[in-house]
Amino acid sequence: MPLVEDAYQQSIDAMTPAQRLARAHSLLHWVRDLYARQLRDQLGDISTERLRWEVAMRLYQGDLQARTLIERKLRDVQP
């Protein structure tokens, strides 16, 4: 493994389970914020509720059941 990957893996291995969970939570929050910014740029001024569901659609786009539920919810949400 390259030097950078070795250092990264060592730092991950040194984390406690709680630290790993906190890191995963932080990364998920970062991705949600990134999607929200991109969607605001694309869709303009949309309601907070619609933004939440649009972000969820991006997060779960690979899950057919989740997508179906989110699409149903989006029909009921104000633009």
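This text follows the structure it describes.
Residues numbered from 1 in each chain as written. Predicted model: local features only at pLDDT ≥ 70, side-chain atom pairs only at ≥ 80, totals over all residues. Heavy atoms only, no water.

### Let's talk about the side chain of Arg 50
By the element assignment, Arg 50 lies in helix α3 (residues 48–59). Not counting the four nearest positions on each side in its chain, Arg 50 is found in contact with Leu 74, Val 77, Gln 78 and Pro 79. (Helix = DSSP H or I, 4+ residues; strand = E, 2+ residues; numbered from the N terminus. Contact = heavy atoms within 4.5 Å.)

### Focus on the nonpolar core
Across soluble globular proteins, nonpolar side chains have a tendency to be buried as a group. Listed in full, the 5 residues of the largest apolar core are Ala 36, Leu 39, Ile 46, Leu 51 and Val 55. Of all elements in the fold, only α2 (17–43) and α3 reach the threshold of two or more residues within this core. If we skip the residues at most four places from it in the chain, Leu 51 touches Ala 36, Leu 39, Arg 40 and Ile 46. (Core = buried A, V, L, I, M, F, W, Y, C linked by side-chain atoms within 4.5 Å. Buried < 20%, exposed > 50% of the residue type's maximum accessible area, 1.4 Å probe, protein only.)

### So, the environment of Leu 27
Inspection of the secondary structure assignment puts Leu 27 in helix α2. Classification of Leu 27 by relative accessible area gives partly exposed; the value is 42%.

### Digging into the pattern of salt bridges
The final tally for this structure, using the stated rule, is 2 salt bridges. Glu 54 is the salt-bridge partner of Arg 50, the closest N and O atoms lying 3.4 Å from each other. On the criterion of helical spacing, the pair formed by Arg 50 and Glu 54 is a turn pair, its members being 4 residues apart in helix α3. Neither residue differs from the other here; Arg 50 and Glu 54 are each classed as buried. (Salt bridge = Lys/Arg side-chain N within 4 Å of Asp/Glu carboxyl O.)

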